[in-house]
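Now for the letters of each chain:
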Amino acid sequence: MAKKEAGKEDILSTLKTAIREKKPANLYIFHGEEMFLLNHYLQQLKGVVLDELTESFNFHRFTQETFDMRSFADAVENLPMMAERTLVQVDDVDIFKFNEDDREKMTDILSDIPEYCTVVFTYETVIFKPDKRYKKLWDAVSAGQIVEFAKQDQRDLIAWVTRHFAAHGKRVSTDLCAYLIDITGG
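Computed from a predicted model, the values in this text were never measured in an experiment.

S.K.: Help me understand a negative patch on the surface, please; the structure alone is not making it clear to me.
M.R.: A cluster of acidic residues, D68, D74, E77, E100, E104, D108 and D112, forms a negative patch at the surface. Looking at the negative patch, the elements that each hand over two or more residues are α4 (69-77) and α5 (100-111). Here the element with the most residues in the negative patch is α5; it accounts for three residues. Note on placement: D74 falls in helix α4.

S.K.: Which parts of the structure should I look at to understand helix α7 (residues 154-167)?
M.R.: Each turn of an α-helix holds 3.6 residues, which means side chains three or four residues apart point in the same direction. Between the first and last C-alpha of α7 there are 20 Å, a value that for 14 residues agrees with the 20 Å anticipated at 1.5 Å per step. Within α7, burial applies to L157, I158 and V161. With its buried residues spanning 100° around the axis, α7 presents them on a single face. What points out from α7, more than 90 degrees from its buried face, is the exposed set R155, R163 and A167.

S.K.: I would appreciate a short explanation of a nonpolar patch on the surface in the present structure.
M.R.: Together, L176, Y179, L180 and I183 make up a nonpolar patch on the protein surface, roughly 400 Å² of accessible area in all. Relative to the helices and strands, L176 resides in helix α8 (residues 174-184). We classify L176 as partly exposed; its relative accessible area is 47%.

S.K.: I would appreciate a short explanation of the packing of α7 against α8 in the present structure.
M.R.: Axis angle and axis distance: for two packed helices, these are the angle between their axes and the distance between the axes, and together they describe the pair. Interaxial distance between α7 and α8 falls to 9 Å at its minimum, and their mutual angle equals 110°. Classified by the angle their axes make, α7 and α8 are roughly perpendicular. Both α7 and α8 take part in a crossing whose hand is right-handed. Residue-level inspection shows Q154, L157, I158, V161 and T162 of α7 in contact with α8, the latter providing T174, C177, A178, L180 and I181.

Conventions and cut-offs
- Residues numbered from 1 in each chain as written.
- Predicted model: local features only at pLDDT ≥ 70, side-chain atom pairs only at ≥ 80, totals over all residues.
- Heavy atoms only, no water.
- Patch = residues over 30% accessible without salt bridge, like charges linked within 9 Å, V, L, I, M, F, W, Y side chains within 5 Å.
- Areas by Shrake-Rupley, 256 points an atom, 1.4 Å probe, with all protein chains shown as cover.
- Salt bridge = Lys/Arg side-chain N within 4 Å of Asp/Glu carboxyl O.
- Lys, Arg positive; Asp, Glu negative; His and termini not counted.
- Charge placed at Lys NZ, Arg CZ, Asp CG, Glu CD.
- Helix = DSSP H or I, 4+ residues; strand = E, 2+ residues; numbered from the N terminus.
- Expected span 1.5 Å × (residues − 1).
- Buried < 20%, exposed > 50% of the residue type's maximum accessible area, 1.4 Å probe, protein only.
- Arc of directions from axis to C-beta.
- Axes fitted to C-alpha atoms, helices over the stretch in contact; angles between N-to-C directions.
- Parallel < 35°, antiparallel > 145°, perpendicular 65-115°, else oblique.
- Left-handed = near helix turned anticlockwise from the far one by under 90°.
- Contact = heavy atoms within 4.5 Å.

The structure is reproduced here in structure tokens:
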């Protein structure tokens, strides 16, 4: 179990390094229970890839209702306009439930994402449950970075609360942090 947890930490530290160095990967899968962290790192990634002036040209977002394979393929292939990169965000679309033809198309797209594009699949209301029987699609997905934002334990949350208090020039005791975490439900 400790080895599995260490792997998750390595992936998260890789994401943090990519954001800090402004060198995002081409494919991310964000999933897990901790929506605050998922959205935090998604916003951090957007900040690295996009800028305010060209965001409307270089940011493409799809949901279950708006997802279309052709539009998705076009968004991935679109050259960035007056910027270095584009970002394609796909929310709650389970690609493993596509029909065979669409799975093949998705495999082809994900296997050949241009260097200037970052694709992020987020799973907030749909559970990310890859079907490894679809080997080609799984290989294309697993070539990206699959980041699970698991529910944080109390020790991690106490450290986080303490850091945020310190950032505002305040101190807080461990007991008070534990109480705050308890009354807010973690």
